[in-house]
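Topology and contacts: notes
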Amino acid sequence: LSQFETALKLYQRLEDRLGQAKCYINIGNVFDDLRSDQEAAEPSYVKALELIEEVGDRRLKTGVLLNLGTLAIGRGNWEDALERFLDVETAAEEIGWPFMRFLSLQNQASCNLSLGRIGPAIALLETCMREGETTMRADDRLRVRQDVAAPVPGPTQRGYRSHRHQLGQGVLVDGKLDHIP
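My aim in this report is to walk through the structure given alongside it, one point at a time. Every value quoted in this text rests on a predicted model; they were computed, and no experiment measured them.

The rules we used
Residues numbered from 1 in each chain as written. Predicted model: local features only at pLDDT ≥ 70, side-chain atom pairs only at ≥ 80, totals over all residues. Heavy atoms only, no water. Salt bridge = Lys/Arg side-chain N within 4 Å of Asp/Glu carboxyl O. Helix = DSSP H or I, 4+ residues; strand = E, 2+ residues; numbered from the N terminus. Buried < 20%, exposed > 50% of the residue type's maximum accessible area, 1.4 Å probe, protein only. Expected span 1.5 Å × (residues − 1). Phe/Tyr/Trp six-rings, centres within 6.5 Å; stacked < 30°, edge-to-face > 60°. Lys NZ or Arg CZ within 6 Å of the ring centre and 35° of its normal. Contact = heavy atoms within 4.5 Å. Polar contact = N/O pair within 3.5 Å; in protein donor to acceptor, adjacent residues only side chain to side chain.

Quick look at the pattern of salt bridges
According to the stated counting rule, one finds 10 salt bridges in the structure shown. With a shortest N-O distance of 2.9 Å, R75 and E42 are connected by a salt bridge. With R75 in the loop between helix 4 (58-74) and helix 5 (78-95) and E42 in helix 3 (residues 38-55), the pair connects residues that are 33 residues apart, well separated along the chain. On the accessibility criterion, E42 (22% relative accessible area) is partly exposed. In this structure, E94 and R58 form a salt bridge, with 3.5 Å as the shortest nitrogen-oxygen distance. One end of the pair, E94, is in helix 5; the other, R58, is in helix 4, and 36 residues separate them in sequence. Residue E94 is classed as partly exposed on the basis of its relative accessible area of 48%.

A closer look at helix 1 (residues 2-14)
Between its first and last C-alpha, helix 1 extends 19 Å over 13 residues, near the 18 Å set by a 1.5 Å rise per residue. The positive-phi residue at the C-terminal boundary of helix 1 is E15, with phi of around 55 degrees.

A few points about unusual backbone geometry
Of note in this structure, E15 is not a glycine but carries a positive phi near 55 degrees. With respect to the helices and strands, the residue E15 is situated in the loop between helix 1 and helix 2 (17-34). We classify E15 as exposed; its relative accessible area is 68%. At S36, a position not held by glycine, the phi torsion is positive, near 50 degrees. Relative to the assigned elements, S36 resides in the loop between helix 2 and helix 3.

Description of the environment of R137
Within the secondary structure, R137 sits in the loop between helix 7 (118-131) and helix 8 (138-149). Residue R137 is classed as partly exposed on the basis of its relative accessible area of 44%.

Let's talk about the packing of aromatic side chains
Under the definition given, this model contains 0 aromatic pairs. The aromatic ring of W97 is capped on one face by R59, whose charged end is 3.6 Å from the ring centroid. We note R101 situated over the ring of F102; from NZ or CZ to the ring centre the distance is 5.1 Å.

What about helix 3?
Taking 1.5 Å per residue as the helical rise, helix 3 with its 18 residues ought to reach 26 Å, and the 25 Å between its terminal C-alpha atoms agrees with that figure. Buried within helix 3 we find A41, S44, Y45, A48, L49, L51 and I52. The inward-facing, buried residues of helix 3 abut helix 2, helix 4 and helix 5. Once helix 3 finishes, G56 follows within two positions and takes phi at roughly 90 degrees, a positive value.

Things to note about the environment of G74
Mapped onto the elements, G74 comes out in helix 4. Separated by 36 residues in sequence, G74 and Q38 have C-alpha atoms that sit 8.2 Å apart.

A look at the environment of Q20
With respect to the helices, strands and loops of the structure, Q20 is situated in helix 2. Note: C-alpha distance between Q20 and F4 (16 residues apart in sequence) is 9.4 Å. Excluding anything up to four places from it in sequence, Q20 contacts L8, Y11, Q12, E15 and L51. Side-chain polar atoms of Q20 contact the backbone oxygen of Y11, separated by 3.5 Å.

The quantities given are spatial measurements derived from coordinates; they are silent on function.
Take a look at the structure:
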């Protein structure tokens, strides 16, 4: 951590905003990944995002947005996480980074499942299965298939075998019949 803080001071003296952003990302990563202190990580990621937006580095932006979305999941703030992952998807599409796009789609599906929005979650996962076969890593392809086949969690569970089976039967979600043909 101290090396990144020292480097940050140097980049600040040089007025190198991209270097500063990378230091803030690394500081956030130390707090998040090595110290399991997500509360301390978030301000570093937010500061990095501000600098990245000034500089215009969209590739770095996707990673920071992904980190912020993951932190939001950790807090149980599914709506905030979903918004971050939608931003990741947009940025990944703009720069032609299909792997990050599919990672964002998987995370959006997870958020939707946690919010009880089964239909949108399945649609996202099916997009991953249909379009991501050559882009996603083997472990991501397996996770998508498991998510589609997994029992429905929480109050929407009706004893059906899978999300896909439940959708075939039609499910009441948020007061509406949620069904994907």
